[in-house]
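# Coordinates in review
What follows is each chain in one-letter form.
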Amino acid sequence: MLKIAVFDGGWGGENVADYLANELNIIEVIRIIDWANAPYHNKTLAEICMLAENNLASFINKVDVIVLGGYVVSMALEYLSQRYPKQKFISV
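The written sequence of each chain sets the order in which its residues are numbered from 1. Note on the predicted model: pLDDT of at least 70 is required for a residue's local features to be given, and 80 or more for side-chain atom pairs to be given and counted; whole-chain, interface and lining totals, by contrast, use all residues. As a convention, hydrogens and water are excluded, and side-chain values are obtained from all of the structure's heavy atoms.

Take unusual backbone geometry next. In this chain, Ala38 is followed by Pro39 through a cis amide linkage whose omega measures 0 degrees. Along the chain, Pro39 turns up in the loop between strand 2 (27-33) and helix 2 (45-56). Here the phi dihedral of Asn61 falls at roughly 65 degrees; this positive angle occurs in a residue that is not glycine. For helices the rule is a DSSP run of H or I covering at least 4 residues; for strands it is a run of E covering at least 2, with both sets numbered from the N terminus onward. Tracing the backbone through its elements, the reader meets Asn61 in the loop between helix 2 and strand 3 (65-68). Under the relative-accessibility criterion, Asn61 is labelled partly exposed at 48%. The cut-offs for exposure are 20% and 50% of the maximum accessible area for each residue type, with area from a 1.4 Å probe on protein chains only; residues under the lower value are buried, those over the upper are exposed, and the others partly exposed.

Shown next, in the form of C-alpha cells:
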C-alpha cells in the first residue's frame, strides 16, 4: 500500500486528503495539518519553507509521496524538492 502524506495549513489540505482517500482507496493517507501556524498566506516564503520542513521532518523519506495541499504551502515545493531529492513531492 502506498503511503501519501498531505501537508497544509488548513482546510485545503483536509479537502485534498479527503479526496485522495475517497478516490484512491488503495493508499494510506496521512494528514499533516498545521493548524497552530495557520493561516500561511501572511507568511514570507522563508517562513513557509521553514514551517513545511519542520512539519514534514518525521515523514521525509518515510512515505512514498508528500502532497503540498494548498496554494500557499505549494510555494515550498522547489525548496523541499532541492533539499530532499530522494523524496517525491507534488503540489495541487
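As a further point, take the packing of aromatic side chains. Remark: the centre distance and the inter-plane angle together describe each pair of aromatic rings, the angle taken between the planes. Two aromatic rings, drawn from Phe, Tyr or Trp (for Trp, its six-membered ring), form a pair once their centres lie within 6.5 Å of each other, and the interplanar angle then sorts them: stacked below 30 degrees, edge-to-face above 60, tilted otherwise. What the rule picks out here adds up to two aromatic pairs. With centroids separated by 4.9 Å and ring planes inclined at 65 degrees, the aromatic side chains of Trp11 and Trp35 adopt a geometry described as edge-to-face. Here Trp11, found in helix 1 (residues 11-23), pairs with Trp35, found in the loop between strand 2 and helix 2; they are 24 residues apart in sequence, far enough to count as distant. Taking relative accessible area as the criterion, Trp11 reaches 62% and is therefore assigned exposed. Since its relative accessible area comes to 40%, Trp35 is described here as partly exposed.

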